[in-house]
Every structure is written in structure tokens, then in C-alpha cells.
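# Remarks on the overall topology
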Amino acid sequence: EGDEAGWAQAREEAEAARQELREVVRPLREPGYREALRRKAERARKRRLRLQRRKQEAKAAKEEEAARAAEREAKIDQWRAKCIQEVEEKNRERELKAAADSVLSEVRKKQADTKRMVDILRALEKLRKLRKEAAGRKGVCPPPSADEAFENQVESLKTLLKNRTELYEAEERALRVMLEGEQEEERKREMEKKQKKEREKLLQQKLEIDSKLFGDPDEFPLAHLLQPFREYYLQAEHSVAALIQIRHEWDQYLVPADHPEGSCIPPGWVLPSLPTNDTWATAVR
């Protein structure tokens, strides 16, 4: 009896397991289940790919933004370094000019002192001459040795003052040359800055004209198709033979400005006129 009860319980458990397995397997036997399962797997795969693509796009956008930020920082650092360099150059020029002016002022002060000594020496000579004449009228005459000693002393002082005057004049000339050189360098730098601005302005005008004639290379997607035309119209810039041939062809049509059957060759590019209607404007765009 115990064995029969155990077998009955085992049979019931097996029957329950078989029924549960049948319930699990039943959807697999239904029509369209495999297709639905395939679509579900496909949707999961696409969703996974979409998430990966968004993640990659977000990463690329982040890297691009970081690159732009680094480029902006580099430009800012370059601009800041340029400003600091300009300020330092101006400060050095100001300090050098101030030092040169100070030295020049000192030299001029020495020259003034030397000139005052020369004036004093002349006044002493004049005073001794007047006193000698007054003493002569009274019958008092100094010995010749006194005149000789005075003249020797005056000549010695004149030679010393002359040497100092020449030395100070040489120093002044050297300082003036240095100051003029600094001023010339400053004028040269200002001229270079002005010429650089003019070149940048002319280059910008050339780019605008080229953009109107050939299209903007950054926005026009077919710019590479215009490359043969660019090479044809710019061949004179790279070949002397092409330049001579083009000039020969143009020279055939050189006429005075008042010629009734022609006009002068324009000095630059002939820019296209603005569209006169909307249809033309859409074609141009």
C-alpha cells in the first residue's frame, strides 16, 4: 500500500509537470508566434542600435564641443599673449625713451654748466682787463709774469671746457641717433600694421568677389566642379606663356574710352548685377 501511494503521488507530480510544460510549449505551436518573436527581437535589436547610435552621437558632439572650446581657449590665449607682448613692447619703448630723455637731459645740463663756466671765464678776462686798465691809469702796472700766468691758466681752462663741450656734443649726437632710430622703428611698425590691415582688407574684398563669381567654397557643395574653370581663369598667375597669350588676346580689343564701337577693358572683375525678378533670384541661389 505504501508503494502504491508513493507511485500515485509521483504520477500526479509528473502529470502536473507535463501539464505545465505543455502550457509553456503551447504558444510555440500557435501560428505566427515565431514571426511575432522575430519582430520583437528585431525591435529590441533596433532599439539597442538606436541607443548605441545616440550614445555615439552624444559622445561625438561632446568631443566636438570640447574641441571647439579648446580652439576658443587657444585663440583667447593667443590674443592675450599678443596683447601682453604689445603692452610689454610699449612699456620697454616708454622706459627706453624715458631713460634716453633722462640721459639727454643730464647731458644738456652738463652742456649748460660748461657754457656757464665759459661765460664766467670770459667775464673774468674782461674784469681783469678793466682792472688792469684802471691800474695803468693810476701808474700801477703788474709784472709780465703775472700776465703770462693768468693767460696760461685761462688757456688751460679753455682747453678743458672745449674738450668737455666736444664730449657732451658727441653724447648728445649719439642719444639723438638712438632716439631717431627708435622713432624710425616705431614708424616702421606702424606702417607694417597699416599695410597688414590693407592686405587683409584687400584679401577680404577678393574673397567676396570670388564668392560672387565662383560661389562660396564652404557653402557651395559643387565647388570641386568649378575647379577647372578656376584653373582656366587663373592660369596667368602660374604661367608666363599663358599670361602673354591672354594679354595678346586682350590687347586686340584695346580702344580709347570715347571709341563709339567699344569700351575700355575694366580694371578688375565685372561683378554680376543683382537679380531683377524673383525667378532669376531663385536660379542664382
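All figures in this text were calculated on a predicted structure; none of them were measured in a lab. (Residues numbered from 1 in each chain as written. Predicted model: local features only at pLDDT ≥ 70, side-chain atom pairs only at ≥ 80, totals over all residues. Heavy atoms only, no water.)

### Points about the overall build of the protein
As a reminder, the rule being used: Helix numbering and strand numbering both begin at the N terminus, where a helix is a DSSP run of H or I of at least 4 residues and a strand a DSSP run of E of at least 2. The buried label goes to any residue with under 20% of its type's maximum accessible area, the exposed label to any with over 50%, and the partly exposed label to all in between, with areas taken from a 1.4 Å probe on protein chains only. Contacts were defined at the residue level, with two residues in contact if any of their heavy atoms lie within 4.5 Å. Throughout, the Shrake-Rupley method with a 1.4 Å probe supplies accessible areas, and for residues the shown protein chains are the sole cover considered.
When you go through the protein residue by residue, the secondary structure sums to 6 helices and 0 strands. Moving toward the C terminus, one meets the helices and strands of the protein in the order α-α-α-α-α-α. The buried share of the protein, taken over its 285 residues, is 7%. If you take every contact in the protein between residues at least 6 apart in sequence, the share linking residues at least 24 apart comes to 59%. If you sum the accessible surface of the protein, you get close to 25200 Å²; carbon and sulfur atoms cover 56% of it.

### Description of a negative patch on the surface
To keep things clear, this is the line we draw: For patches, a residue must show more than 30% relative accessible area and have no salt bridge; joins then use 9 Å for like charges and 5 Å for nonpolar side chains, namely Val, Leu, Ile, Met, Phe, Trp and Tyr. The rule for a salt bridge is simple: a side-chain nitrogen of Lys or Arg has to be within 4 Å of a carboxyl oxygen of Asp or Glu. Asp and Glu count as negative and Lys and Arg as positive, but His and the ends of the chain are not part of the count. Charge coordinates come from a single atom per side chain, which is NZ of Lys, CZ of Arg, CG of Asp or CD of Glu.
A surface patch of like charges, here negative, comprises Glu182, Glu185, Glu186, Glu190 and Glu192. Inspection of the secondary structure assignment puts Glu192 in helix H3 (residues 144-214).

### Some thoughts on the pattern of salt bridges
Under the definition given, this model contains 10 salt bridges. The partner of Glu64 in a salt bridge is Arg68, with the nearest N and O atoms 2.9 Å apart. Taken together, the residues span about one helical turn, with Glu64 and Arg68 both in helix H2 (residues 33-137) at a distance of 4 residues. On the accessibility criterion, Glu64 (48% relative accessible area) is partly exposed. With relative accessibility at 35%, the residue Arg68 sits in the partly exposed group. We note a salt bridge from Asp113 to Arg116, for which the minimum N-O separation is 2.6 Å. Here Asp113 and its partner Arg116 are both found in helix H2, 3 residues apart, which amounts to about one turn of the helix.

### Topic: the side chain of Thr114
Among the structural elements, Thr114 can be located in helix H2. In this structure, Thr114 is in contact with Leu161, Arg164, Thr165 and Tyr168, ignoring residues within four places of it in sequence.

### Points about a nonpolar patch on the surface
Taken together, the side chains of Phe229, Tyr232, Tyr233, Trp269 and Leu271 present a nonpolar region at the surface, about 580 Å² in accessible area. Secondary-structure assignment places Phe229 in helix H4 (residues 227-233).

### Let's talk about the UniProt feature "coiled-coil region" (unreviewed entry) in the protein
The condition is simple: UniProt positions are given in the numbering used here, feature names are shortened, and annotations may be inferred rather than shown by experiment.
UniProt marks residues 180-208 with the feature "coiled-coil region" (unreviewed entry), using the numbering shown here. Secondary structure over residues 180-208 splits into 100% helix and 0% strand, and the C-alpha atoms at its two ends are 42 Å apart.

### Points about the environment of Thr114
Under the relative-accessibility criterion, Thr114 is labelled buried at 3%. Each C-alpha atom, one on Thr114 and one on Thr165, is 6.8 Å from the other, the two residues being 51 residues apart in sequence.

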